[in-house]
Amino acid sequence: MQLVADHLWGFLAALRRAGLPTAPPKRADLLRVIAETPPPDLPTLYWYARITLLQDVAGLPAFDRVFDAWFRRGASDDPPIQGEDERAPSPGGPGADDPPPREVRPGDGIEASTLSTHGTRDFGRTGERGHALMRALEAAWPAALPATPSRRRRPARSGDRLDVRHAWRRARRHHGEFIELRHLARPPRPRRLLILVDVSGSLRQHTPDLLRVAHTALRAAPARTEVFTFGTRLTRVTAALSHPHADRALRSVSRMVTDADGGTAIGEALEGFLADPRFVALARGALVIVLSDGLERGDPAPMVRATARLSRLGHRLVWWSPLACSPAYRPATRAMSAQLPSLDHLGGVRDLATALAEVRRLPAVLSGPRHTAARHWSTPHLMGAPR
């Protein structure tokens, strides 16, 4: 056991020498998950280490070199230099027959994981251009939100009900003559807005801006907006994100959200949301917006069932995915293709600029018929997608 621990610490030191330093909470996450759920094979250990330690996809080549040197070759020295045959195992070395990790392509679902992590993340500071886009978003939200008649009636010049009390008071002032009639009407009010933000590792580079988008919605309609995050667990962040200053709000969220940059359990998180009657009340009749790539690992059935119920509860269900910003994207994974009939719109949001374009497109989306996402994305390519 001591040899195994020494080998792991040597691997972490080699990552640091290769220019991939890891924060102590990340190292603790790796050691904790190995102790709680020992990996049955080398590919599982690879994904444990990659999900918990790798912070940027740009460091993937160096990470693979170090992992191969320490586990596939069984070496205990520095990783090989650039240009060596990194996949060829040494004769008789342990792990020589293990296949290399699959190539990751955007949208294929490989980047998602069910691995749970515990830690916090710094979402960074908002730049000058970011502040300008956030002001534009805050101004665009009120016109984009759908309206519904309020429950209480107010005095109005026209309406569906006569204001008898007002008419009687006016008549008493004119000796019983009814010379002016007023009505009661139910003025429109914005519908509730429910935003669910995916903070899993596959969305690491987009998470800060997705949270800033939710912050602008809270600023525009603070009394009618609710925000939740989900990765491997569900977290209600409405109060933390409601601070007027965006960076302070994101720091508060960072302290609350402990599963950021971890695994993906979309179905489990959404089912947890729907299992709480208080949360179900927030979704009923609301505009529900999910910001996620939809890359679910394992059985997609819980995610599809939860999405279908959210669609029935809400006024509209809109799904914004960073992957949909690419012209080549098609929702062909099992989870996305199966839940597409429940969506009213599938759009692309990866940063504040694309979010502003989608918010401005919302009135046209909400004025049309329901469940049109499947019709919009139905292509010959999708006809053969697995379901």
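Quick look at the structure, then. What you are looking at is a predicted structure, and each value in this text was computed from that prediction instead of being measured.

Turning our attention to a nonpolar patch on the surface. On the surface, Leu162, Val164, Trp168, Phe178 and Leu181 cluster together to form a nonpolar patch covering roughly 530 Å² of accessible area. Structurally, Trp168 can be placed in helix H6 (residues 164–173). Taking relative accessible area as the criterion, Trp168 reaches 49% and is therefore assigned partly exposed.

The next subject is the packing of helix H5 (residues 128–144) against helix H7 (residues 207–220). At their nearest, the axes of H5 and H7 sit 8 Å apart, and the two run at 50° to each other. Judged on the interaxial angle alone, H7 and H5 are oblique. As H5 runs across H7, the sense of the crossing is right-handed. Between H5 and H7, the residues in contact are Met134, Leu137, Glu138, Trp141 and Pro142 and Arg212, Val213, His215, Thr216, Ala217, Arg219 and Ala220, respectively. Here the contact of H5 with H7 is built from residues that sort into seven nonpolar, two polar and three charged.

Taken as a whole, this structure holds 12 aromatic pairs when the rule is applied. Measuring from centroid to centroid gives 5.1 Å for Phe228 and Phe273, while their planes differ by 90°, and the two rings are edge-to-face. Here Phe228, found in strand E7 (residues 225–230), pairs with Phe273, found in helix H10 (residues 266–274); they are 45 residues apart in sequence, far enough to count as distant. Assessed through its relative accessible area of 0%, Phe273 is described here as buried. A centroid spacing of 5.7 Å and a plane angle of 80° characterise the contact between Tyr329 and Trp377, whose relative ring orientation is edge-to-face. Placement of the pair is Tyr329 in the loop between strand E10 (316–321) and helix H13 (334–339) and Trp377 in helix H15 (residues 373–377), with a sequence separation of 48 residues. Trp377 sits in the buried class, given a relative accessible area of 11%.

Judged by pairing direction, the sheet is antiparallel, and its three strands sit side by side in the order E2-E4-E3 without closing on themselves. If you trace the sheet from one side to the other, it starts and ends with strand E2 (154–156) and strand E3 (161–162), each paired once.

This part is about the packing of H7 against helix H9 (residues 246–256). At a minimum axis distance of 10 Å, the contact between H7 and H9 shows a crossing angle of 115°. Relative to H9, the element H7 lies roughly perpendicular. The handedness of the crossing between H7 and H9 is right-handed. Two secondary-structure elements touch here, H7 through Pro208, Leu211, Arg212 and His215 and H9 through Ala246, Asp247, Ala249, Leu250 and Val253.

Let's shift gears to the environment of Phe230. Position of Phe230 relative to the elements: it lies in strand E7. Taking C-alpha positions, Phe230 is 6.3 Å from Val197, a pair spaced 33 residues apart along the chain. Setting aside residues up to four positions removed in sequence, Phe230 forms contacts with Leu196, Val197, Asp198, Val199, Ser200, Asp259, Ile266, Ala269, Val290 and Ser292.

It is worth spelling out the pairing of E7 at this point. The buried fraction of E7 amounts to six of the six residues, a majority that puts the element mostly inside the structure. Here strand E6 (residues 193–198) runs beside E7; their pairing, made up of six bridges, is parallel. Residue Leu193 lies in a different strand from E7, and its bridge partner there is Thr225. Crossover handedness for the path E6 to H7 to E7: right-handed. In this structure, E7 lies alongside strand E8 (residues 234–236), joined through three bridges in antiparallel fashion. Following the sheet pairing, Thr229 is matched in E8 by Thr235.

About the thresholds
- Residues numbered from 1 in each chain as written.
- Predicted model: local features only at pLDDT ≥ 70, side-chain atom pairs only at ≥ 80, totals over all residues.
- Heavy atoms only, no water.
- Patch = residues over 30% accessible without salt bridge, like charges linked within 9 Å, V, L, I, M, F, W, Y side chains within 5 Å.
- Areas by Shrake-Rupley, 256 points an atom, 1.4 Å probe, with all protein chains shown as cover.
- Salt bridge = Lys/Arg side-chain N within 4 Å of Asp/Glu carboxyl O.
- Helix = DSSP H or I, 4+ residues; strand = E, 2+ residues; numbered from the N terminus.
- Buried < 20%, exposed > 50% of the residue type's maximum accessible area, 1.4 Å probe, protein only.
- Axes fitted to C-alpha atoms, helices over the stretch in contact; angles between N-to-C directions.
- Parallel < 35°, antiparallel > 145°, perpendicular 65-115°, else oblique.
- Left-handed = near helix turned anticlockwise from the far one by under 90°.
- Contact = heavy atoms within 4.5 Å.
- Nonpolar A, V, L, I, M, F, W, Y, C, P; charged D, E, K, R; others polar.
- Phe/Tyr/Trp six-rings, centres within 6.5 Å; stacked < 30°, edge-to-face > 60°.
- Pairing = 2+ DSSP bridges.
- Right-handed = clockwise from strand over helix to strand, strands pointing away.

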